[in-house]
Amino acid sequence: MSSTPNLWGTAAAVGLASGLIGYFVGVGATLPITRGLEKGPQANDEESDYETDSEAGDTDALQNVKAEGDEPCKLVLVVRSDLNMTKGKIAAQCGHATLACYKTLIRSNPALIKHWERTGQAKIALKCESEEDLQLLQASAQSLGVCARSIQDAGRTQVDPGTTTVLGIGPAPVRVINQVTGHLRLL
Ligand SMILES: *[C@@H]1O[C@H](CO)[C@@H](O)[C@H](O)[C@H]1NC(C)=O
């Protein structure tokens, strides 16, 4: 019976304790800095972004387009440039559109979603100049069996309630989407 086990036990306890102290010092040092960076007018609720989820007209269309082999697919986000939205607003609206397309297609065409995920989940941001253009693009996509979801902003900031801000098209094979949005410019 030597004292070696006790020594090892002590060493282990000291090691664990210093590890924990290091951990808490790390957490303590990190949290206030992170919080500090979040301070400012952008972080409050009034500036948060909301959408009104309207699926009307979107779910009726057949989203039955197929991707073959390893052919490239993409999701296109068409942003209305005439609204003069801030970068942050555009980012949030594009997030809404991506999620809306994903949620729609995961139900109606899961094979296409899996294909898109496997081939890199390409997303392209394009711009158009008016609500009418956005509606025409949506109709054009749906006529080809491509998912097309428009986002109506709840209008708490920057734009009027119900304003259509972004149209998500796809994911779908590049060759099909380009028939709809091939003439549009990058955002
Ligand atoms: C956006 O900016 C343009 C150019 O400054 C201006 O003519 C237009 O009225 C603005 N649109 C809105 C919705 O504020």
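Please read these numbers as outputs of a predicted model, since none were measured by experiment. (Residues numbered from 1 in each chain as written. Predicted model: local features only at pLDDT ≥ 70, side-chain atom pairs only at ≥ 80, totals over all residues. Heavy atoms only, no water.)

Q: So what about unusual backbone geometry? Which residues, and what values?
A: Here Gly170 and Pro171 are connected by a cis peptide whose omega angle stands at 0°. Note that Pro171 resides in strand β5 (residues 164-173). Even without glycine at this site, Asn84 takes up a positive phi of about 55°. Phi is positive for Gln121, which is not a glycine, with a value near 50°. Checked against the element boundaries, Gln121 lands in the loop between α3 (110-118) and β3 (122-128). What makes Gln121 partly exposed here is its relative accessible area of 34%. (Helix = DSSP H or I, 4+ residues; strand = E, 2+ residues; numbered from the N terminus. Buried < 20%, exposed > 50% of the residue type's maximum accessible area, 1.4 Å probe, protein only.)

Q: I'd love a proper account of the pairing of strand β2 (residues 73-80), names of residues and values included.
A: Most of β2 sits inside the fold, with eight of its eight residues counted as buried. Going residue by residue along β2, you find Cys73, Leu75, Leu77 and Val79 tucked away on one face and Lys74, Val76, Val78 and Arg80 tucked away on the opposite face as well. By the bridge criterion, six bridges tie β2 to β5 in an arrangement that is antiparallel. Pairing of Lys74 across the sheet is with Ala172, part of β5. (Pairing = 2+ DSSP bridges.)

Q: If you had to explain the environment of Ala100 to someone new, which residues and values would you point to?
A: With respect to the element layout, Ala100 can be found in helix α2 (residues 87-108). Spatially, the C-alpha atoms of Ala100 and Cys147 are 9.8 Å apart, while their sequence positions differ by 47 residues. Among all residues touching Ala100, those that are not within four sequence positions of it are Arg149 and Ile151. (Contact = heavy atoms within 4.5 Å.)

Q: Account for the pairing of β3, naming residues and giving values.
A: Relative to β3, β2 runs parallel, the two being bridged by seven bridges. Residue pairing in the sheet places Leu75 in a bridge with Lys123 of β3. Note: β3 against strand β6 (residues 185-186), two bridges, orientation antiparallel. Opposite Lys127, over in β6, you have Arg185 as the bridge partner.

Q: Describe the side chain of Thr164, and please don't skip the residues or the numbers.
A: Along the chain, Thr164 turns up in strand β5. Polar side-chain contacts of Thr164 include one of 2.9 Å to the side chain of Glu131. Once you skip the residues sitting within four places of it in the chain, Thr164 turns out to touch Arg80, Leu83, Glu131, Leu134, Ser150, Ile151 and Gln152. (Polar contact = N/O pair within 3.5 Å; in protein donor to acceptor, adjacent residues only side chain to side chain.)

Q: Run through the pattern of salt bridges, naming residues and quoting values.
A: Applying the stated criterion to the full structure yields five salt bridges. Between Glu71 and Arg175 there is a salt bridge; the shortest N-O distance is 2.9 Å. Within this pair, whereas Glu71 is found in the loop between β1 (51-52) and β2, its partner Arg175 is found in helix α5 (residues 174-181), the two being separated by 104 residues in sequence. Given the relative accessible area of 15%, Glu71 is considered buried. A salt bridge links Arg80 to Glu131, with the nearest nitrogen and oxygen atoms 3.3 Å apart. With Arg80 in strand β2 and Glu131 in helix α4 (residues 131-143), this residue pair connects regions lying 51 residues apart in the sequence. On the basis of relative accessibility, which here comes to 8%, the residue Arg80 falls in the buried class. (Salt bridge = Lys/Arg side-chain N within 4 Å of Asp/Glu carboxyl O.)

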